[in-house]
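As a plain string of letters, each chain reads:
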Amino acid sequence: MTSARQNTPGQDLLAGLFFLALGAAIVFVGFQIKGSPADCGGEKMSADDTCVSYSGGDQTGSKNLDEQTSDNSTIANVAFVIGGLVILGSAWSSIGALGRMSGSARR
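Small disclaimer: the values here were computed from a predicted structure and weren't measured. (Residues numbered from 1 in each chain as written. Predicted model: local features only at pLDDT ≥ 70, side-chain atom pairs only at ≥ 80, totals over all residues. Heavy atoms only, no water.)

Let's shift gears to the state of the cysteines. For the structure on display, the rule yields one disulfide. Here cysteine 40 is linked by a disulfide to cysteine 51, with a sulfur-sulfur distance of 2.0 Å. Between cysteine 40 and cysteine 51, the S-S dihedral sits near 75°, and the bridge is therefore right-handed. With cysteine 40 in strand S1 (residues 39-40) and cysteine 51 in strand S3 (residues 50-55), this residue pair connects regions lying 11 residues apart in the sequence. Of the residues examined, cysteine 51 reaches a relative accessible area of 12% and is grouped as buried. (Disulfide = S-S within 2.5 Å. Helix = DSSP H or I, 4+ residues; strand = E, 2+ residues; numbered from the N terminus. Buried < 20%, exposed > 50% of the residue type's maximum accessible area, 1.4 Å probe, protein only.)

Structure (structure tokens):
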């Protein structure tokens, strides 16, 4: 019977710090999206613009400025939630790893 290899507290702490940075990067991207003007293919949209999407030569959709701004806001909010959850999870993991590290130092 083989047993699964268990990470050391130091490895868990490093993984926690990595995911903390990843969560912070996701939240940062959310702020970048939230603060940027609506664009279509990299071009800033005006009030009378319509952004048309194509796939395989066929039109798949179109959005006006308000719709594109709303989509950007939704994407930014999703990034905030996902990034925040990653940060909370990594903080919880890092705190547990630190507790195991200090517990093993007392022995």
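This is not the end of the story, as more comes after the structure.
What follows covers the pattern of salt bridges. Under the definition given, this model contains two salt bridges. Aspartate 12 serves as the salt-bridge partner of arginine 100, at 2.3 Å between the closest nitrogen and oxygen. Of this pair, arginine 100 sits in helix H2 (residues 65-105) while aspartate 12 is found in helix H1 (residues 9-35), placing the two residues 88 residues apart along the sequence. When its relative accessible area of 18% is taken as the criterion, aspartate 12 is described as buried. (Salt bridge = Lys/Arg side-chain N within 4 Å of Asp/Glu carboxyl O.)

With six bridges joining them, S3 and strand S4 (residues 58-64) adopt antiparallel strand pairing. Directly across from serine 55, in S4, lies its bridge partner aspartate 58. Adjacent in sequence and paired antiparallel, S3 and S4 are bridged by two residues, among which glycine 56 carries a positive phi angle near 65°. (Pairing = 2+ DSSP bridges.)

Now for H1. Helix length check: H1, at 27 residues, gives a terminal C-alpha distance of 39 Å against a target of 39 Å (1.5 Å per residue), a fit within 8%. Within H1 the residues assigned to the buried category are Asp12, Leu13, Gly16, Gly23, Val27 and Gly30. (Expected span 1.5 Å × (residues − 1).)

Within the element layout of this structure, valine 29 appears in helix H1. Sequence separation between valine 29 and glycine 96 is 67 residues, and the spatial gap between their C-alpha atoms is 28 Å.

This paragraph deals with the confidence of the model for the protein chain. Here the protein chain averages 88 in pLDDT, while 93% of its residues score no lower than 70. Per-element averaging of pLDDT across the protein chain places S1 at the bottom with 86 and H1 at the top with 92. (pLDDT = per-residue confidence, 0-100.)

Right, let's get into a nonpolar patch on the surface. Together, Leu14, Leu17 and Leu20 make up an exposed nonpolar region whose accessible area comes to about 270 Å². Summarising the element assignment, leucine 14 is placed in helix H1. (Patch = residues over 30% accessible without salt bridge, like charges linked within 9 Å, V, L, I, M, F, W, Y side chains within 5 Å. Areas by Shrake-Rupley, 256 points an atom, 1.4 Å probe, with all protein chains shown as cover.)

Our focus in this paragraph is the packing of aromatic side chains. If you walk through the whole model with that rule in mind, you get two aromatic pairs. Seen from their ring centres, phenylalanine 18 and phenylalanine 19 are 5.2 Å apart, and the 80° between their planes marks the pair as edge-to-face. Under the relative-accessibility criterion, phenylalanine 19 is labelled partly exposed at 42%. When the ring of phenylalanine 31 is compared with that of phenylalanine 80, the centres are 4.8 Å apart and the planes differ by 55°; the resulting orientation is tilted. With a gap of 49 residues between them, phenylalanine 31 in helix H1 and phenylalanine 80 in helix H2 connect regions that are remote in the sequence. Overall, phenylalanine 31 belongs to the exposed group, its relative accessible area being 54%. Note on phenylalanine 80: relative accessible area 24%, which makes it partly exposed. (Phe/Tyr/Trp six-rings, centres within 6.5 Å; stacked < 30°, edge-to-face > 60°.)

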